[in-house]
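Coordinate analysis (summary)
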Amino acid sequence: MTTRSQTRGGLKLETHKHRSTMRPLRAARPAELLTLPLDQHAGAAARPIVATGDLVALGQPIAEPTADISAWLHSPVSGRVRAIEPQPSALHPDTPSLAIVIENDGADRTHAANQPFDFSNAEPAAIVEHIARGGIVGLGGAIFPTAAKLARAPAKSAHLIVNGAECEPWISCDDMLMRERASEVIAGAKVLCRAVLAEHCTIAVEDDMREAAQALREAVEHAGGGIEVVEVPSIYPAGGERQLITTLTGLEVPSGGLPQDIGILCQNVGTAAAIARWVHDGEPLIRRVVTITGSAIQEPANLDAVIGTPLSRLIADCGGFATEPAKLMMGGPMMGIALPTDQFAVLKGMNCVFAATLRDIQPAGPEMPCIRCGSCSEVCPAILLPQQLHRLALAGEVPELDEYGLLDCIECGCCDYVCPSQIPLVERFRVAKPEVLRYRTMRSMAPEARAQFEAREVRLARLEEERRARLAEKRRSITSKP
Amino acid sequence: MLTAALLAAGFAAALASVLARSSRVVPRSTLIERINDVLPQTQCGRCTFAGCKPYATALAEGRADINHCPPGGDTTARTLATLLDRPYKPVDPQFGITPAQPVVAWVDESRCIGCTKCIQACPVDAIVGASKFMHTIIAAQCTGCELCIAPCPVDCIELRPAQASQLSLSS
Amino acid sequence: MSSLLLILLSAVLISHFALTRVPALRPFASTSPFDDAVRLAIAVLACTSVVTPLSYLLRNHVLQPLHVLYLQPLLFVVLIMLVAQLIRLVVEQRTLWAPNATALFALLTGNSAILGATLLVPSRVETFIDSIGLGLGIGLSFAVLLLCLTTLEQRMRHAAIAVSFRGTPLALITAGVMALALMGFTGLIAE
């Protein structure tokens, strides 16, 4: 299959992945205490189903979903529940949220009820239900509960795209996963194909990930074919869901819409591997590959860590800090979240710990006025106009922000990166988005509310009319009597 | 000379008749409707008028300023300023504070006594229930106007952030 | 050509000022000044397309045979008022555009481009078909120029402009720059 190169926007960035991919994947050392926030997935936080003091087994469910869009949470080790209390979470470093803290007893007793699942004879709905029970969420960064996404996928003629186009610099967890565990990725892709009755399946990798592409092709052949491995140009953000879909199929996901609207389902390679482990080995989502990297790390590497492991443990496993980092981030330099300390735990969505020196992140200088150069509009992969969006965001013109498509911004940071006036564009857009969402909500509720109100007025007027007619009738019948 | 005078007179007569006829025409769209389309239709009454249409009427007649609507927030104030060609002002806090996120009312069912006072107060009929039966709020229709909170004799209604799935967002 | 340009630009500038700065002359109460400009442009286009051929007929088949050409400006103005009133009626009855339609009548009547189109008929037009073309041409040019000026004003709304230049001075400068830009077309067609 030929791909058109991503001609709209994007940046060619240095990948900095060499140091972290030099050594093979290895497991992180087990930790004594594991912290598991209940809101480490998109949607409603999970609700604990264990209590303080309970003994838990490895893979035992410890929290259940509370809404349609929510996920199960499982214990990554065997041990005892030490506490259920608010703890800080890397997703929102300033606000603690409820978390389950587990003491590891080191025995790794597995939960007996977790058994392999025969998906080849199961109905798609049953497969989706089973995936839900594994606590599987999107590991590409969106952490959206996979079962909820699959339930909303098109029923047939779906094109499944498995996203291995890891585009953000420094992050290499998906690359290592594909190099060393390609068979798991393919097995997961097969389960997904059956779960949505997909007609085509494509795995995308960037064109500089040669070993990964090779490993995947061998694994596909070994598994009987049926999946195409495609290389896409390594331009950031090639791995963005919408950008990848356009590159592979030439179709554009409609503004405000989802890939399912054009018959496409996109899943990350890590998610596929997690599904394979759950379906074939009975191991729910309790661990993932995390890249520990940055110039401030002694020996950058990719570690297979269980969720709940403190970051300080992972950093120590990589030789500790070589120098004091200028910034510690969850994620990469373009879209990551800065962390104040390393006292946070690995989450399902944590793909990378980036200990950056000043040279790695090149902090922005003081903000200067916009010179209307247009570089931002040239590089925007979502084909938006950041220059106009910025002007409107500063002026607070919310309806026009909606018209110019602010809600389609994927916050990739390309415009920020190229701005010669060092304007913090992504920050401005993040602040403006809730305003636009609120405006949209208001506009969509207004007609219905107005109709209800007017119907109520009509009803009250009618009741009043009837009451008056009744009284008049009564008065007439009284006065007309002799 | 005569032809010129006759011609001029004829044109003047035509014009006069057309002008006379058009003065009795009733326009299809009115300024009040335009303004009402911009307002959020919460019908909360915080603007000191009895609903969004009365406020729109007052705005059209120049009796009210554009910054009376907290549910609409500064966005609506800006739109009204453009519409009516008046200077923009942010929403006056004396009429209320714009909520940071959409909120909906919620009935604590363990304390509800089934008195129907909140049902009568709700301007958009978003509360379901009957006398001596449990009352509940249809979150998707609640506009967060807070009119049900005061009438409740046992104070069992509170405001909660609206979940994304409850917002009737047209995609 | 440059006289036509002058007429058009001054008409555009005056219409723009009327739409945005004179509350009583705002026929279309809409939330976006661009929408206002689009609707006025359509109304003016309709007006010129109807008035110019009618003025051709009036001049050549009524005024000239009767030798009362000196009545031309007066009767053209009255003709424009008639057509403007009719357009106003159509807009008011059939569309939801104009809560304040009397202002539309005032804007159309006072629009010098429309009067200019009717008065240019003898010097530029030979046949009836040509007069329709002239009317359409002037209407479309007015539309394009008005939309350009409105869009430019909208883009500069929130720019950091020196206080003494904000508002009317900047609008005049913008119109001047537009005139300079359009002067390039004046040599294209030999007069």
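Quick caveat, the model's predicted, so the values are computed rather than measured.

The next point concerns the overall build of chain A. Scanning chain A from N- to C-terminus turns up 14 helices and 17 strands. Its C-alpha atoms give chain A principal-axis dimensions of roughly 110 × 65 × 45 Å. Going through the 482 residues of chain A one by one, you find that 53% of them count as buried. Here chain A displays about 21300 Å² of accessible surface, and carbon together with sulfur accounts for 53% of that area.

Attention shifts here to the sheet that holds strand β11 (residues 228–232) of chain A. Strands in a sheet are paired, the pairing made by backbone hydrogen bonds, and the direction either parallel or antiparallel. Residue and element names in this part refer to chain A. Across the sheet, four strands lie side by side as β11-β10-β9-β12; this open sheet has parallel pairing. Of all the strands in the sheet, the pair left with one neighbour each is β11 and β12 (264–268). Averaged over all adjacent pairs, the angle separating strand axes in this sheet is 25 degrees, with direction ignored. In this sheet, strand β10 (residues 198–206) lies alongside strand β9 (residues 158–164) in parallel orientation, the contact comprising seven bridges. Within the sheet, the bridge partner assigned to Ala158 lies in β10 and is Ala198. Along the sheet face, helix α5 (residues 210–222) touches β10 and β11 and points at about 165 degrees away from the line of β11.

So, on to the interface of chain B and chain C. With 25 residues of chain B at the interface, the matching set in chain C holds 33 residues. Summed over both partners, the interface of chain B with chain C buries about 2500 Å², with 68% contributed by carbon and sulfur atoms. Viewed at the interface, chain C and chain B are joined by zero salt bridges. Across the chain B-chain C interface, the total number found is four residue pairs in polar contact (both at pLDDT 80 or more).

Per the stated rule, a full pass over the model turns up 42 salt bridges over all chains. The shortest N-O distance in the salt bridge between Glu464(A) and Arg468(A) comes to 3.5 Å. With a gap of four residues between them, Glu464(A) and Arg468(A) both fall in helix α14 (residues 425–480), about one helical turn apart. In this structure Arg468(A) comes out as partly exposed when scored by relative accessible area, which is 47%. Between Glu146(B) and Arg46(B) there is a salt bridge, with the nearest N and O atoms lying 3.9 Å from each other. Linking Glu146(B) in the loop between β3 (136–137) and β4 (157–161) with Arg46(B) in the loop between α2 (31–38) and α3 (52–61), this pair joins segments that are 100 residues apart in sequence. Here Glu146(B) falls in the partly exposed class, since its relative accessible area comes to 38%. Each of Arg181(A), Glu184(A), Arg277(A), Glu283(A), Arg287(A) and Asp304(A) takes part in a single network of salt bridges with overlapping partners.

All names here are of chain A. One way to put it is that helix α11 (residues 386–395) packs onto α14 with a least axis distance of 10 Å and a crossing angle of 55 degrees. As summarised for this structure, α11 and α14 are arranged oblique, according to the angle between their axes. Crossing angle aside, the handedness with which α11 passes α14 is left-handed. Residue-level inspection shows Pro386, Leu389, His390, Ala393 and Leu394 of α11 in contact with α14, the latter providing Leu425, Arg428, Phe429 and Ala432. Class assignment for the residues of the contact of α11 with α14 results in seven nonpolar, one polar and one charged.

Another aspect to go through is the packing of helix α2 (residues 33–63) of chain C against helix α6 (residues 128–155) of chain C. Residues and elements named next belong to chain C. Running from N to C, α2 and α6 cross one another at 160 degrees; their axes reach a closest spacing of 8 Å. As far as their axial angle goes, α6 and α2 are roughly antiparallel. With respect to the hand of their crossing, α2 and α6 are arranged in right-handed fashion. Considering only residue class, the contact of α2 with α6 consists of 20 nonpolar, nine polar and no charged.

Right, let's talk about the domain arrangement of chain B for a bit. Residue and element names in this part refer to chain B. Partitioning chain B into domains gives domain 1 (29–95) and domain 2 (99–165). Using only C-alpha atoms to locate each centre, domain 1 and domain 2 end up separated by 25 Å. Contacts between the two partners involve five residues from domain 1, matched on the other side by seven residues from domain 2. Together, the buried faces of domain 1 and domain 2 total about 450 Å²; carbon and sulfur atoms form 56% of this surface. The largest share of the area that domain 1 buries against domain 2 comes from Thr42, Gln43 and Arg46, three residues that together contribute 69% of it. Here domain 1 is connected to domain 2 by one salt bridge.

Next up on the list: a nonpolar patch on the surface. All names here are of chain C. Taken together, Val50, Leu54, Leu57, Phe128 and Ile129 make up a surface patch of nonpolar side chains, about 400 Å² in accessible area. Ranked by the residues each element gives to the nonpolar patch, the list is headed by α2, at three residues. Residue position: Val50 is located in helix α2.

Bring the parts together and some accessible area is lost; that lost area is often taken as the interface size. What the domain assignment lists for chain A is domain 1 (2–288), domain 2 (290–356) and domain 3 (367–482). Relative to domain 3 of chain A, the C-alpha centre of domain 2 of chain A lies at a distance of 40 Å.

The interface is formed by 22 residues belonging to chain A together with 33 residues belonging to chain B. Considering only the side of chain A, the residues that lose the most area to chain B are Arg438(A), Met445(A) and Arg450(A), jointly responsible for 26% of the buried surface there. Remark: the boundary between chain A and chain B carries four salt bridges. The salt bridge involving Arg450(A) is made with Glu33(B); its shortest N-O contact spans 3.1 Å. Linking chain A with chain B are 11 residue pairs in polar contact (both at pLDDT 80 or more). Those elements that provide at least two residues to the side of chain A that touches chain B are α12 (398–403) and α14 of chain A. Of the residues assigned to the side of chain A that touches chain B, the class counts are nine nonpolar, four polar and nine charged.

So, on to the sheet that holds strand β2 (residues 33–37) of chain A. Judged by pairing direction, the sheet is antiparallel, and its four strands sit side by side in the order β2-β8-β7-β4 (chain A) without closing on themselves. Each of the sheet's edge strands pairs with one partner strand only, and the pair in question is β2 and β4 (55–56) of chain A.

Residue position: Arg26(C) is located in the loop between α1 (2–21) and α2. Of note is the side chain of Arg26(C), whose polar atom sits 3.2 Å from the backbone oxygen of Leu83(B). At a separation of 3.1 Å, a polar atom in the side chain of Arg26(C) contacts the main-chain carbonyl oxygen of Leu19(C).

Moving on, we get to the pairing of β2(A). All names here are of chain A. Taking burial as the measure, the five residues of β2 include four buried ones, the bulk of the element. With five bridges connecting them, β2 and strand β8 (residues 92–104) associate as antiparallel partners. Bridge pairing in β8 places Thr35 opposite Val101.

What follows deals with the packing of aromatic side chains. All chains considered together, the criterion is met by four aromatic pairs over all chains. When the centroid spacing of 6.5 Å and the interplanar angle of 75 degrees are considered together, the rings of Phe28(C) and Trp97(C) count as edge-to-face. You can see Phe28(C) sitting in the loop between α1 and α2 and its partner Trp97(C) sitting in the loop between α3 (72–94) and α4 (101–109), a full 69 residues away along the chain. The class for Trp97(C) is partly exposed, based on a relative accessible area of 25%. The ring of Tyr88(B) carries the charged tip of Arg78(B) above its face, separated from the ring centre by 4.3 Å. Positioned above the aromatic ring of Trp106(B), the side-chain terminus of Arg160(B) is 3.6 Å from the ring centre.

Moving on, we get to the state of the cysteines. Under the definition given, this model contains zero disulfides over all chains. In this structure Cys376(A) is not part of a disulfide, and its nearest cysteine sulfur, from Cys373(A), lies 6.1 Å away. By relative accessible area, Cys376(A) is classed as buried at 10%. Free of any disulfide, Cys47(B) has its nearest neighbouring cysteine sulfur in Cys44(B), separated by 6.2 Å.

A few words now on the confidence of the model for chain B. Of all residues in chain B, 92% attain a pLDDT of 70 or more, and the chain-wide mean is 86. Here the complex is predicted with pTM 0.85, and the ipTM for its interfaces comes to 0.83.

How each quantity is defined
Residues numbered from 1 in each chain as written. Chains lettered and ligands numbered in written order. Predicted model: local features only at pLDDT ≥ 70, side-chain atom pairs only at ≥ 80, totals over all residues. Heavy atoms only, no water. Helix = DSSP H or I, 4+ residues; strand = E, 2+ residues; numbered from the N terminus. Buried < 20%, exposed > 50% of the residue type's maximum accessible area, 1.4 Å probe, protein only. Areas by Shrake-Rupley, 256 points an atom, 1.4 Å probe, with all protein chains shown as cover. Pairing = 2+ DSSP bridges. Axes fitted to C-alpha atoms, helices over the stretch in contact; angles between N-to-C directions. Contact = heavy atoms within 4.5 Å. Buried area = accessible area lost by both parts, 1.4 Å probe. Salt bridge = Lys/Arg side-chain N within 4 Å of Asp/Glu carboxyl O. Polar contact = N/O pair within 3.5 Å; in protein donor to acceptor, adjacent residues only side chain to side chain. Parallel < 35°, antiparallel > 145°, perpendicular 65-115°, else oblique. Left-handed = near helix turned anticlockwise from the far one by under 90°. Nonpolar A, V, L, I, M, F, W, Y, C, P; charged D, E, K, R; others polar. Domains from an automatic or database assignment. Patch = residues over 30% accessible without salt bridge, like charges linked within 9 Å, V, L, I, M, F, W, Y side chains within 5 Å. Phe/Tyr/Trp six-rings, centres within 6.5 Å; stacked < 30°, edge-to-face > 60°. Lys NZ or Arg CZ within 6 Å of the ring centre and 35° of its normal. Disulfide = S-S within 2.5 Å. pLDDT = per-residue confidence, 0-100.

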